[in-house]
Amino acid sequence: MPFELSQSNEDRLNSGIAREVRTSNIPEIKDRQAAERYLLENGDDSFDQNK
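Residues numbered from 1 in each chain as written. Predicted model: local features only at pLDDT ≥ 70, side-chain atom pairs only at ≥ 80, totals over all residues. Heavy atoms only, no water.

Turning our attention to the pattern of salt bridges. Pairing of side chains with opposite charge becomes possible as their charged atoms draw close. In the structure shown here, the tally under the stated rule is two salt bridges. For K30, the salt bridge identified is with E28, shortest N-O distance 3.9 Å. Neither residue differs from the other here; K30 and E28 are each classed as exposed. E36 serves as the salt-bridge partner of R32, at 3.0 Å between the closest nitrogen and oxygen. Here the residue R32 and the residue E36 both occupy positions in helix 2 (residues 32–41), the gap between them amounting to four residues, near one helical turn. Residue class for R32 comes out exposed when judged on its relative accessible area of 57%. (Salt bridge = Lys/Arg side-chain N within 4 Å of Asp/Glu carboxyl O. Buried < 20%, exposed > 50% of the residue type's maximum accessible area, 1.4 Å probe, protein only. Helix = DSSP H or I, 4+ residues; strand = E, 2+ residues; numbered from the N terminus.)

Okay, structure coming up:
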């Protein structure tokens, strides 16, 4: 074959990260309000504007 079929360490790491992101339960946050709401609902009250 005129090309190499092996992956570099960086390619393997990127593939592993992409696989973990696809299989994890990471919410999609599209705006600042959604980010603040997510942080407040998950125990980070540093963004609570009422405090």
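In this section: a nonpolar patch on the surface. A surface patch of nonpolar side chains, about 300 Å² in accessible area, is lined by I17, V21 and I26. Here I26 shows up in the loop between helix 1 (9–23) and helix 2. Looking at I26, the relative accessible area reads 56%, which means it is exposed. (Patch = residues over 30% accessible without salt bridge, like charges linked within 9 Å, V, L, I, M, F, W, Y side chains within 5 Å. Areas by Shrake-Rupley, 256 points an atom, 1.4 Å probe, with all protein chains shown as cover.)

Our next topic: helix 2. The N-cap of helix 2, judged by a side-chain oxygen 3.4 Å from the amide nitrogen of Q33 a few residues on, is D31. Of the residues flanking the end of helix 2, it is G43, one or two places downstream, whose phi is positive at about 90 degrees. (Polar contact = N/O pair within 3.5 Å; in protein donor to acceptor, adjacent residues only side chain to side chain.)

That's the geometry; what it means functionally is another story.
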